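Secondary and tertiary structure notes
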Amino acid sequence: MLKVAPSILSADFVNLERDIRALSVADADYVHVDVMDGLFVPNITIGIPVVAAIRKITDLPLDVHLMIDRPLRYVDDFCKAGSDILTVHVEADNEENTIAALKRIRENGVKAAISVKPKTPPEAVLPYLPYCDLILVMTVEPGFGGQSFMQDMMPKLKQIRSYIDAQNPTCELEVDGGINEKTAKICAENGANVFVAGSAYFKAEDPSAFVRALKA
Ligand code: DX5
Ligand code: ZN
């Protein structure tokens, strides 16, 4: 089943409640929340209190993407704030701490996920696959919305799909960065089933039609 996760990085932060409530009306599947710390990526966005506030105004699952250094320090807080899926980057800490973070996330009753930046090879996901409910393949360098889709990530996406099918078939495969009607199709052909879309969703004249087109 194909799913759409609009990224609220491109929402109107003055009207965040309005924009988040509209996601349910548009039949989105997840609310994608981008957390950046100014260290792991060169940008700072939102943190734990904002996730907790969003939790109060939507029943949609919160898909929280941590672009932060050494996330083990904060995973309990983000789980308690109401995350349903919590993603850490494999580049953000060593293997031992990343596995500890994934286990801790699951102990909180939250789905655990890892993400890989564009330069990280597909086999980097292998140590974490048994501990993951979702893998997020970045199709731009993380840090900012509105960048161009990197089609050269498709062989990696396909390779990770084959690892998932062989080793953890219920794991979801998400793509993030430059996703629109056209690039989502390409990602689906290469094995993705969850599409994050920030600028394309929030620029769409008819968000419901945009979501339908991505799921078609
Ligand atoms: C980028 C974030 C994305 C971002 C995507 O680091 O992880 O979720 O919001 O934005 P678009 O869809 O505009 O590329
Ligand atoms: Zn993201």
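Keep in mind it's a predicted model, so treat the numbers as computed, not measured.

**Notes on the site of ligand 1**
The full set close to ligand 1 counts 20 residues, and Ser-7, Gly-143, Asp-176, Gly-198 and Ser-199 are the nearest of them. Within the side chain of His-32, an N or O atom sits 3.4 Å from an oxygen atom of ligand 1. In the model, an oxygen atom of ligand 1 is placed 2.8 Å from a nitrogen or oxygen of the Gly-146 main chain. Considered on its own, ligand 1 offers 380 Å² of accessible surface; in the complex 100% of this is hidden by protein. Of the pockets mapped on this structure, ligand 1 occupies the largest pocket. For the shell around ligand 1, the secondary-structure elements that each account for two or more residues are β2 (31-36), β3 (62-67) and β8 (194-197). Partitioning the shell around ligand 1 into residue classes produces eight nonpolar, 10 polar and two charged.

**Structural notes on the packing of aromatic side chains**
Each aromatic ring pair is summarised here by two numbers: the centre-to-centre distance and the angle between the ring planes. By the definition in use, this model includes two aromatic pairs. Taken together, a centroid distance of 4.8 Å and an interplanar angle of 80° make the contact between Tyr-201 and Phe-202 edge-to-face. On the accessibility criterion, Phe-202 (24% relative accessible area) is partly exposed. Of the aromatic side chains, those joined through ring pairs into one cluster are Tyr-201, Phe-202 and Phe-210. The ring of Phe-40 has Lys-117 lying over it, and the distance from NZ or CZ to the ring centre is 5.0 Å.

**Some thoughts on the pairing of strand β7 (residues 172-176)**
β7 sits mainly inside the fold: five of its five residues count as buried. For the crossover that starts at strand β6 (residues 134-138), traverses helix α5 (residues 154-167) and ends in the parallel β7, the hand is right-handed. Both β7 and β8 contribute to a ladder of three bridges, which runs parallel. In the strand pairing of β8, Glu-174 is matched with Val-194.

**Thoughts on the coordination of the zinc ion (ligand 2)**
In this structure, His-32 (NE2), Asp-34 (OD), His-65 (ND1) and Asp-176 (OD) serve as the protein donors to the zinc ion (ligand 2), at separations of 2.1 to 2.3 Å. Considering all six donor atoms around the zinc ion (ligand 2), the spread of angles at the metal, 70 to 168°, places the coordination shape in the octahedral class. All donors of the zinc ion (ligand 2) belong to a single chain; written as a sequence motif, their spacing is H-x1-D-x30-H-x110-D. Placement of Asp-34 in strand β2 and of Asp-176 in strand β7 is noted, with a sequence separation of 142 residues between them. The residues Asp-34 and Asp-176 share a single accessibility class, namely buried.

**Quick notes on the environment of Ile-186**
Within the fold, Ile-186 resides in helix α6 (residues 181-189). Given a relative accessible area of 18%, Ile-186 falls into the buried group. Spatially, the C-alpha atom of Ile-186 lies 8.3 Å from that of Gln-151, the residues being 35 residues apart in sequence. When near neighbours in sequence (up to four residues on either side) are disregarded, Ile-186 contacts Gln-151 and Met-154.

Basis of the calculations
- Residues numbered from 1 in each chain as written.
- Chains lettered and ligands numbered in written order.
- Predicted model: local features only at pLDDT ≥ 70, side-chain atom pairs only at ≥ 80, totals over all residues.
- Heavy atoms only, no water.
- Near = heavy atom within 4 Å.
- Polar contact = N/O pair within 3.5 Å; in protein donor to acceptor, adjacent residues only side chain to side chain.
- Areas by Shrake-Rupley, 256 points an atom, 1.4 Å probe, with all protein chains shown as cover.
- 1 Å grid on protein atoms, 1.4 Å probe; cavity = no way out; pocket = protein on both sides within 12 Å on 5 of 7 lines; lining within 4 Å.
- Sits in = over half its atoms within 2 Å of the grid points.
- Helix = DSSP H or I, 4+ residues; strand = E, 2+ residues; numbered from the N terminus.
- Nonpolar A, V, L, I, M, F, W, Y, C, P; charged D, E, K, R; others polar.
- Phe/Tyr/Trp six-rings, centres within 6.5 Å; stacked < 30°, edge-to-face > 60°.
- Buried < 20%, exposed > 50% of the residue type's maximum accessible area, 1.4 Å probe, protein only.
- Lys NZ or Arg CZ within 6 Å of the ring centre and 35° of its normal.
- Right-handed = clockwise from strand over helix to strand, strands pointing away.
- Pairing = 2+ DSSP bridges.
- Donors = N, O, S within 2.8 Å, 3.2 Å for Na, K, Ca; no water.
- Tetrahedral: all angles 85-135°; square planar, octahedral: opposite > 155°, others 65-115°.
- Contact = heavy atoms within 4.5 Å.

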